[in-house]
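Fold and geometry: a report
Listed here are the chains, written in short residue letters.
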Amino acid sequence: MSSRRLVITGGPIYTMDPDTPRARAVYVDGERVVGVVAHDDGATVPADDSWSVSDLRGRALLPAFADCHVHLLYTGWHSHDPQLDGATTLSELLDLVKAAADSSRGEVVRGWNYDDSGFDRPLTGRDLDSISSTRPIFLSRIGNAASCVNSAAMRLFGISPSIEGVQRNPDGTPNGILLGDANHVALTRLYELMDGSERRAVFAAGARTANAAGVTTVHAIEGGTDRQLAGDPPSPNLILDELVSLELPITVIPFDNQVRSLAELDRIAGQGRRHVGGDIFVDGVLGAAYMPGVNRAALFEPYADGDPGSGHLVIPRNLLSRLIARCAERGLQLSVHAVGDRAIATFLDAVEDAASSGADAASLRLRIEHGILPTPHDIERAGRLGIIFSTQPAFELSAGGPGKRYERRLGPQRVRRTHPLRELWEAGVCVVGGSDAPVNPIAPLQGIRAAVQHPFPDHRLSLAQAVSMFTRNAAFAAFGEGDHGTISEGRLADFVVLSDDLLAIEPDRMDQVRVVETWHRGVRVFDAGEDMERGMNGGRG
C-alpha cells in the first residue's frame, strides 16, 4: 500500500528550524516531512493529483509540542478518574468523593490531586471511613508524595502499620495518611489491582490528554520513588515495561526512575534504554506537594514560613558523583530532581567531581528537573557544564510572584530568583519545558505563556524562546533532534495547528490561543471540532 502524501499550506507556518524559520508549505509522505517551501519562495506550491492538500485556512502550524516532565500513569489516572483539585473545603472534597463512590463500579474508589493545605484540618482516613468502611477508597494528594486511604484500602493494599510513612493519631493508630514507602506501596498495589484492559485505558486517557494539548512527545517519568539508591537488588520496572509496549498516538521517551541501587543501571542499559531518572530526589519539594513529613527543597538559608530548618538533601554528593560516573560508563542520560539552591549546587559539585575523575559527563546531556532556585554562580556553572534545565514554568502562574506560595516560603528577596529562565538562556543553558502532570495539566500553551509573562520581568523569555522550550530544545534534551522539534525535511510529521498566530500575537491575548488539530507521524490524532461534536453527543461516535 502506498503511503499517504499530503501538502499543508494556507497559513503561517513556523518550523523552529533556524535555516528555514518560516514556510509557505510542508510536504508529508507517510510519517515524515519530505519537503518545506520557504516563506520567501515566490514559486507556486506544486501538488499533482497524488498529493492531498490540507488548507490551514489562516491558522498557524508549528512543530507539535513535547512535554518534558510527565508522569503518564498518574496523568492517565487523573484523566480517567474523578478529579478532586477543585475542592476548597473538606466538606466539598468529601462530597466529591461520595459522588465518585456512587458513580464508580471499580473495586477501589480512586481520586487525584486533592489539596487540603487550605482546609481547617487535613483529610484523614476516618473521613473516608464515614463514606464507606467496607469499600476501599484511595485519594492521592497533589504532587503524589502523599495519599489518604480508608481502613478497607489499608487492608486491601496490605499496608502494615510498621511500614515507613504510615502516619499516626496521637494514640498511635494509623490515621490513613501515607507518605514515603507506604504511599509508594499503595500506588504500586493500585496499579497491580487493575487488569490489563483498565491499565491500557488509563494510559490511553493520558495520551488523549496530551494530544488535546498539541503534544505528541512525552518524556514519561515512571517507576518507584521509594528506596532510591538504597542498595536493593535490581527489579523490573513493570509500569514502564508495559507503557513502552503499547501503541499510543504519542511518542513515549521512557525515563526509568526505578533506581534502587547503582546495579539498576545495568538493567536499564541492558533493556536498551537511554534515560535514567527524572525524579531521582536530590532534595524535596517547594510547592503544594509539601506537608509535614514530606521532604522539603534543600536551601542554603532557612525557610521564611516559620517551619524550622532549610530543607532536606536526600542524596549526598559522593553518591551522586558515583551515579553520574556509572551512567557515563553505560552511556545513560541522567536526570535528577533538584529544586532548591543547595540541591542544585550539590548536583553540580558532583558533576565536576565525576568529570575530574575521568567521566565523560559532558556528552550525557545531564538534566536537572525543576531547577527552581539556582544561584547566579550555578547558572554560570550549568552553562559551562552543559546541564539541561527541565523546567515547569506554569508553577509561576500558581505559586510565583508577590503574595503567593513561593514568597510565603522563601521571603520577598529569594522569591525574586525563582525560575530565572532568561538568565539560564543567556548563560547557554538548554532550557526545556514541561508540566509535571498531573500536578499541572499537560498544557504547553500555558507553559509558554508563563515563560513570557513571568511575574518578574527580568526572567521573561521571548515568545520564540518559550516556544523553543517545548519544541526544538525539548527534542535536544532527549537526543531526539533527528526526529522531533522542527518542521524540516526528514523529521517526523508531528504538527500542531493553532487557532491564532502564536508567534505574532500580543502577550496579553495569549490565553485566547487554542489547539485546533494535532498530527502525529502524519496522522491527525486530535481535531477540536470533532472533539466538541463528540462532547455534544454525550461522548458517542
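Read on for an overview of the structure. Everything numeric here is computed off the predicted structure, so don't read it as measured data. (Residues numbered from 1 in each chain as written. Predicted model: local features only at pLDDT ≥ 70, side-chain atom pairs only at ≥ 80, totals over all residues. Heavy atoms only, no water.)

1. Brief notes about the overall build of the protein
Inclusion rule: Elements are defined by DSSP. Helices are runs of H or I of four residues or more, strands are runs of E of two residues or more, and each kind is numbered from the N terminus. Buried means the residue's accessible area, taken with a 1.4 Å probe over protein chains only, is under 20% of the maximum for its type, while exposed means over 50%, and partly exposed covers the values in between. Note on contacts: a residue pair is in contact if any heavy atoms of the two residues lie within 4.5 Å. Only the protein chains shown count as cover for residues, and the accessible areas themselves come from Shrake-Rupley with a 1.4 Å probe. In this tally Asp and Glu are treated as negative and Lys and Arg as positive; neither His nor the chain ends contributes. To locate a charge, the coordinates of NZ of Lys, CZ of Arg, CG of Asp or CD of Glu are taken.
Helices and strands together make up the secondary structure of the protein, namely 18 helices and 21 strands. The principal-axis extents of the C-alpha atoms in the protein amount to approximately 80 × 60 × 50 Å. The proportion of buried residues among the 541 residues of the protein is 56%. Here the contacts in the protein between residues at least 6 apart in sequence split such that 70% fall between residues at least 24 apart. For the protein, the accessible surface area stands at approximately 21400 Å², while carbon and sulfur atoms represent 49% of it. Here the protein contributes 53 positive and 70 negative side-chain charges, whose respective centroids are spaced 2 Å apart.

2. Looking at empty space enclosed by the protein
Heads up, the rule is: Cavity: a set of points on a 1 Å grid over the protein atoms alone where a 1.4 Å probe fits but cannot get out. Pocket: an open set with protein on both sides within 12 Å along at least five of seven lines, its lining residues, like those of a cavity, having an atom within 4 Å of a point. Grid points are joined across faces, edges and corners, and a volume is the space filled by probe spheres set on the points.
The tally for this structure, following the rule as stated, stands at one cavity of 30 Å³ or more. Within this model, the largest cavity holds a volume of roughly 40 Å³.

3. Here we look at the environment of A182
Along the chain, the position of A182 falls in helix α5 (residues 180–193). Sequence separation between A182 and G165 is 17 residues, and the spatial gap between their C-alpha atoms is 5.0 Å. When neighbours within four sequence positions are excluded, A182 is seen to be in contact with I159, I163, E164, G165 and V166.

4. Some points on the environment of L123
Checked against the element boundaries, L123 lands in the loop between β7 (109–114) and α3 (125–129). Considering only alpha carbons, one finds L123 and S91, 32 residues apart in sequence, at a separation of 10.0 Å. Ignoring any residue separated from it by four or fewer positions in sequence, one finds L123 in contact with L90, L93, L94, Y114, D116, L128, L139, C148 and I177.

5. Looking at the side chain of S335
For S335, the location among the structural elements is in strand β15 (residues 333–338). The class for S335 is buried, based on a relative accessible area of 0%.

6. Observations regarding the sheet that holds β7
Applied cut-off: In this description, strands pair whenever DSSP reports at least two bridges between them. In this analysis an axis means a line fitted to C-alpha atoms, helices contributing only their contacting stretch, and an angle means the value between N-to-C directions, from 0 to 180 degrees.
Strand order in the open sheet made by the five strands is β7-β8-β9-β11-β10, with mixed pairing throughout. Sheet topology places β7 and β10 (166–168) at the edges, where each strand pairs with a single neighbour. Strand-to-strand twist across the sheet, computed as the mean angle between neighbouring axes with direction ignored, equals 25°. Bridge count between strand β9 (residues 146–149) and strand β11 (residues 174–179): three bridges; the pairing is antiparallel. Considered in β11, the bridge of C148 is made with I177.

7. Regarding the pairing of strand β19 (residues 495–498)
On β19, burial covers both faces: F495 and V497 on one face and V496 and L498 on the other are all buried. When strand β5 (residues 60–63) meets β19, the two strands line up antiparallel, connected through four bridges. Within the sheet, the bridge partner assigned to P63 lies in β19 and is F495. Relative to strand β20 (residues 515–520), β19 runs antiparallel, the two being bridged by four bridges. Note on β20: the bridge partner recorded for L498 is V515.

8. A word on the sheet that holds strand β18 (residues 430–433)
Strands sit in the order β6-β12-β13-β14-β15-β16-β17-β18 across an open sheet of eight strands; the sheet is parallel. The outermost strands of the open sheet, each flanked by one partner alone, are β6 (65–70) and β18. Strand-to-strand twist across the sheet, computed as the mean angle between neighbouring axes with direction ignored, equals 25°.

9. Digging into helix α10 (residues 341–356)
Threshold: To estimate how far a helix should reach, multiply one less than its number of residues by 1.5 Å.
In this model, α10 (16 residues) spans 23 Å end to end at C-alpha, consistent with the 22 Å of a helix rising 1.5 Å per residue. Restricting attention to buried positions, one finds in α10 the residues D341, A343, I344, A345, T346, F347, L348, A350, V351 and A354. The elements touched by buried residues of α10 are α9 (317–330), β15, β16 (367–370), α11 (376–385) and β17 (388–391). Positive backbone phi, at 105°, marks G358, one or two positions downstream of α10.

10. Some remarks on unusual backbone geometry
Each neighbour pair has its own omega, and for A437 with P438 the value is 15°, a cis peptide bond. The residue P438 is located in the loop between β18 and α15 (444–452) in this model. One non-glycine residue, M16, adopts positive backbone phi at about 60°. Along the chain, M16 turns up in the loop between β1 (5–14) and β2 (22–29). For M16, a relative accessible area of 15% translates into the label buried. Positive phi is not limited to glycine here, since N144 has a value of about 65°. Mapping N144 onto the fold places it in the loop between β8 (137–141) and β9.

11. So, the pattern of salt bridges
Test applied: What counts as a salt bridge is simple: a side-chain nitrogen of Lys or Arg found within 4 Å of a carboxyl oxygen of Asp or Glu.
Taken as a whole and judged by the stated rule, the model has 33 salt bridges. Close ionic contact of R296 with D305 constitutes a salt bridge, the shortest N to O distance being 2.6 Å. Via salt bridges that share partners, R317, D349, E352, D353, D378, E380, R381 and R384 belong to a single interconnected network.

12. Describing the nonpolar core
Worth spelling out the cut-off: Take the buried Ala, Val, Leu, Ile, Met, Phe, Trp, Tyr and Cys residues and link them wherever side-chain atoms come within 4.5 Å; each set so joined is a nonpolar core.
Core analysis: the largest hydrophobic core is formed by 101 residues, its most contacted members being W77, L334, F347 and L502. Ranked by residue count, the leading element in this core is α10, at seven residues. Other than its neighbours up to four places away in sequence, F347 contacts L320, I324, L334, V336, L366, R367 and I368.

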